[in-house]
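# Structural overview for review
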Amino acid sequence: MTWRFEYHETLASTSDLCRKRAEAGEEDRLAVVAERQSAARGSRGRSWQSGEGNLAFSFLFRFSENQAMRAVLPYMVALALRDGLVAAADLSGEASASLWLKWPNDLLLSGRKMAGILIETGFLAAGAEGLPCWAVIGMGANLRQAPVVEGRTLAALSEVCSPPDAQACAQAIVRAFDGWMERWQREGNGVIWESWMERAHPLGTRLILRRHGREVAGQFAGLDAQGHLLLALDDGGMTSVVTGDVICE
């Protein structure tokens with residue numbers, strides 16, 4: 001099935017529109033791009049600023065009641081985001097190497113956040129035993145300009161190239177997503193973990209984990225067999241991280 005694209009000048013949220021369509025029974029592979037969003041959302045309820053010329057994009061897909069999909073989905077869409085932007089901008093060499101994935105699905109440019117992903121899953125009344133049967137993937141990327149956010153230093157793709165337009169990026173991302181989906185179906189979870197690691201910040205990168213009102217620091221030690229972040233703690237221990245905010249120092 002081919003992707004169906006909708007382009008809007010202004011929306012409250014591309015993800016909210018996809019979610020409403022999903023709950024109303026919209027078919028698989030709807031992609032929505034907006035020039036501007038008035039109520040965009042990031043992870044953990046944070047707002048997301050999508051300035052002029054940047055990417056504000058969400059897509060809807062359906063999948064069978066498959067628990068394995070839930071584990072790999074954040075990594076698969078992160079791979080699609082990075083590879084799609086690299087392809088759309090025709091990046092190579094140092095420019096491509098400066099784009100790192102940060103657990104679980106942020107995209108950094110030279111260590112500063114350039115793009116993020118919000119994943120929402122849901123059910124239809126006919127869904128089997130409460131397992132998710134649709135996912136809405138929201139993506140925001142600073143293509144032309146990085147917003148000013150107090151306490152944070154963000155990046156834009158324009159720092160390393162003449163950025164492509166948002167529509168071209170969205171199209172490249174869903175092509176990359178289809179490619180990773182096919183590889184996962186053929187080769188299993190391992191190829192997703194390995195490919196994510198190849199595009200992530202290096203092993204040993206200093207990280208701070210914030211969760212439950214506490215901070216712990218350590219070094220990036222890879223992923224475990226379930227795709228959880230491994231953090232080598234300063235006190236010599238090792239922890240497997242399922243959820244939390246991770247910051248690169």
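Before reading further, recall that the structure is shown in the block above.
The model shown is predicted, which means the values in this text are computed figures rather than measured ones. The residue numbers shown here count from 1 along each chain, following its written sequence. With pLDDT at 70 or above as the cut-off, local features in this predicted model cover only qualifying residues; side-chain atom pairs require 80 or more to be listed or tallied, and sums for whole chains, interfaces and linings still use all residues. Excluded from the side-chain calculations are hydrogens and water; all other atoms, namely the structure's heavy atoms, are used.

What makes two strands pair is DSSP finding at least two bridges between them. Going along the chain from the N terminus, every DSSP run of H or I of four or more residues is numbered as a helix, and every run of E of two or more is numbered as a strand. Read from one edge to the other, the open sheet built from 5 strands follows the order 11-10-9-8-12, with strand pairing classed as antiparallel. A strand with exactly one partner marks an edge of an open sheet, and here the two such strands are strand 11 (238-241) and strand 12 (245-248). Each adjacent strand pair in this sheet contributes to an overall mean axis angle of 40 degrees, direction not counted. Where strand 10 (residues 229-233) and strand 11 come together, 4 bridges link them in antiparallel fashion. Note on strand 11: the bridge partner recorded for Ala232 is Met238. Only the stretch in contact is used when fitting a helix axis, every axis being a line fitted to C-alpha atoms; angles between N-to-C directions are given from 0 to 180 degrees.

This part takes up the side chain of Ser98. Residue placement: Ser98 occurs in the loop between helix 3 (93-97) and strand 4 (99-102). Partly exposed residues are those whose accessible area sits between 20% and 50% of the maximum for their type, while under 20% is buried and over 50% is exposed, using a 1.4 Å probe and protein chains only. On the accessibility criterion, Ser98 (13% relative accessible area) is buried. Polar side-chain contacts of Ser98 include one of 2.7 Å to the backbone oxygen of Ala95. Contacts: residue pairs with any heavy atoms within 4.5 Å of one another. Residue contacts for Ser98: discarding those within four places in its chain leaves Leu108, Leu109, Ser110 and Val160. Pairing of N or O atoms within 3.5 Å defines a polar contact, subject to two protein rules: one partner must be a possible hydrogen donor and the other a possible acceptor, and residues neighboring in sequence count only if both atoms are side-chain atoms.

Next up on the list: the nonpolar core. Note on soluble globular proteins: their nonpolar side chains tend to be buried together. Buried residues of nine kinds, namely Ala, Val, Leu, Ile, Met, Phe, Trp, Tyr and Cys, make up a nonpolar core once their side-chain atoms join them within 4.5 Å. Core analysis: the biggest nonpolar cluster contains 62 residues, and Phe57, Phe59, Phe61, Phe177, Ile192 and Trp196 have the highest contact counts within it. At 13 residues, the largest contribution of residues to this core is made by helix 2 (residues 67-89). Every residue in contact with Phe177, bar those within four places of it in the chain, is listed here: Trp3, Phe59, Phe61, Leu73, Met76, Val77 and Ala80. Counting 11 residues, the second-largest nonpolar core is a separate cluster that includes Leu30, Leu60, Cys133 and Val136.

As summarised here, the arrangement of the 7 strands in space is 1-2-3-7-6-5-4, forming an open sheet in which the pairing is mixed. Edge positions in the open sheet fall to strand 1 (4-11) and strand 4, since each of these has one partner strand only. Strand after strand, the sheet turns through a mean of 20 degrees between neighbouring axes, direction not considered. Seen against the sheet, helix 4 (residues 166-187) touches strand 1, strand 2 (30-37), strand 3 (55-62) and strand 7 (134-141) and runs at an angle of roughly 35 degrees to strand 3.

Take helix 1 (residues 14-23) next. Along helix 1, the positions that sit buried rather than exposed are Thr14, Ser15, Leu17, Cys18 and Ala22. Across the axial projection of helix 1, the buried residues extend over an arc of 160 degrees, all falling on one side. Capping the start of helix 1 is the job of one residue whose side-chain oxygen sits 3.2 Å from the backbone nitrogen of Ser15: Ser13. With its phi angle positive at about 95 degrees, Gly25 sits one or two positions after the end of helix 1. The arc in question is formed by the directions pointing from the helix axis toward the C-beta atoms.

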